[in-house]
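A structural walkthrough
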There are 2 protein chains.
Amino acid sequence: MNVIDYKDSRPIYEQIASYYKRLILLGALEADEKLPSVRTLAIELSANPNTVQKALDVLGREGFIYTVIGRGNFVMNTDSLKKAREQEIVGRIAELLNEAREIGSDPETVIADAKKRLEVSEPELTVREDAV
Amino acid sequence: MNVIDYKDSRPIYEQIASYYKRLILLGALEADEKLPSVRTLAIELSANPNTVQKALDVLGREGFIYTVIGRGNFVMNTDSLKKAREQEIVGRIAELLNEAREIGSDPETVIADAKKRLEVSEPELTVREDAV
DNA sequence: ATAAGTGTACTATGTCTCATAGTACACTTA
DNA sequence: TAAGTGTACTATGAGACATAGTACACTTAT
């Protein structure tokens, strides 16, 4: 699978963890769904079982999965995870807006420019700015 | 000086580079101003001259400073640097908004929440939302 | 011309993280 | 009982990072 990117400077275990964090937050994996075993994942991802285990450690510590000894790893309920991630995003955007203001850029302008770059996915819900 | 933080996971040379990037973008250092020498900086920052040199390499490659052999390192003009950084910020915010939408959060709500966290620095220019 | 200060380029050493390989053990399930 | 599961070790190698030390070409002040 195309999960590991050797041009990416991040460690492999972190890339694997990020990949599953994204899948879980997107709802691509259902709650209580069983993940492939450590050894199976190692083969699928072309990585070492120890590296996969390290990625699963991260996912477990951060509340994305839970473990049942002898049975496997399972996807955690996503409600609280989504809320937590949303708060991270809000905080990060606030930091960036503060920096923009520090270097003399207007936060409102920055926000407007960022909106222009948003991928349009629901055109029927989009209001064209110049139509107001 | 309190530039290097050993609790910070980033390498020292990157911390030093980030510190000067920030100073330059904020306008705390004027264009064509001379930086302290590599050896002087090493003492001031309590770091190794080689590590300082590596940080200056980064600053030079990214256009924050320029070098005159035998004389020293000097601060680059900040106009284009600020514009480039603003574009980075815009792109990063767009990425975060896309992710928020992917996990079911409304981008407009996220933006509103981020604005609430902005530090108030110019109250005379701030319009209270509930007063509209 | 000389000395001091400048950036720069090396070698060498030690520490740490990361990734891999291999082995072993306790648990659950078929 | 056998197979599959997570988990915990040891060991090895590669690479990034930081430090120490030395050296050289350049510019500037004396």
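Just so we're clear, the structure is a prediction, and the values are computed from it rather than from any experiment.

Around DNA strand C sit 21 residues, and of these Pro11(A), Ile12(A), Asn50(A), Thr51(A) and Val38(B) come closest. Within the backbone of Asn48(A), one N or O atom sits 3.2 Å away from a phosphate oxygen of DNA strand C. Sorting the residues of the surface near DNA strand C by element identifies α1 (12-26) and α3 (49-61) of chain A together with α2 (38-45), α3 (49-61) and β2 (72-75) of chain B as the ones contributing at least two each. Examining the composition of the surface near DNA strand C, we find that three residues originate from one element, α3(A), more than from any other. Along the lines of polarity and charge, the residues of the surface near DNA strand C split into five nonpolar, eleven polar and five charged.

Let us now look at the domain arrangement of chain A. Split into domains, chain A comes out as domain 1 (12-76) and domain 2 (79-122). On a C-alpha basis, the centres of domain 1 of chain A and domain 2 of chain A stand 29 Å from each other.

So, about the interface of chain B and chain A. Each partner contributes to the interface: chain B provides 32 residues, whereas chain A provides 32 residues. In this structure, Glu102(B) and Arg22(A) form a salt bridge, with 2.8 Å as the shortest nitrogen-oxygen distance. For the interface between chain B and chain A, the tally reads ten residue pairs in polar contact (both at pLDDT 80 or more). The greatest single-element share of the side of chain B that touches chain A, amounting to 17 residues, is contributed by helix α4 (residues 79-102) of chain B. Here the residues of the side of chain B that touches chain A are counted per class, giving 14 nonpolar, five polar and 13 charged.

The next subject is the protein's contact with DNA strand D. The environment of DNA strand D is made up of 22 residues, and the closest members are Val38(A), Pro11(B), Ile12(B), Asn50(B) and Thr51(B). Near the protein, within 4 Å, the atoms of DNA strand D are sugar or phosphate in 67% of cases. Take Arg71(B): an N or O atom from its side chain is 3.4 Å from a phosphate oxygen of DNA strand D. Taken together, the elements giving at least two residues each to the surface near DNA strand D come down to α2 (38-45), α3 and β2 (72-75) of chain A together with α1 (12-26) and α3 of chain B. Its residues assigned to classes, the surface near DNA strand D shows six nonpolar, eleven polar and five charged.

Conventions adopted
Residues numbered from 1 in each chain as written. Chains lettered and ligands numbered in written order. Predicted model: local features only at pLDDT ≥ 70, side-chain atom pairs only at ≥ 80, totals over all residues. Heavy atoms only, no water. Near = heavy atom within 4 Å. Polar contact = N/O pair within 3.5 Å; in protein donor to acceptor, adjacent residues only side chain to side chain. Helix = DSSP H or I, 4+ residues; strand = E, 2+ residues; numbered from the N terminus. Nonpolar A, V, L, I, M, F, W, Y, C, P; charged D, E, K, R; others polar. Domains from an automatic or database assignment. Contact = heavy atoms within 4.5 Å. Salt bridge = Lys/Arg side-chain N within 4 Å of Asp/Glu carboxyl O.

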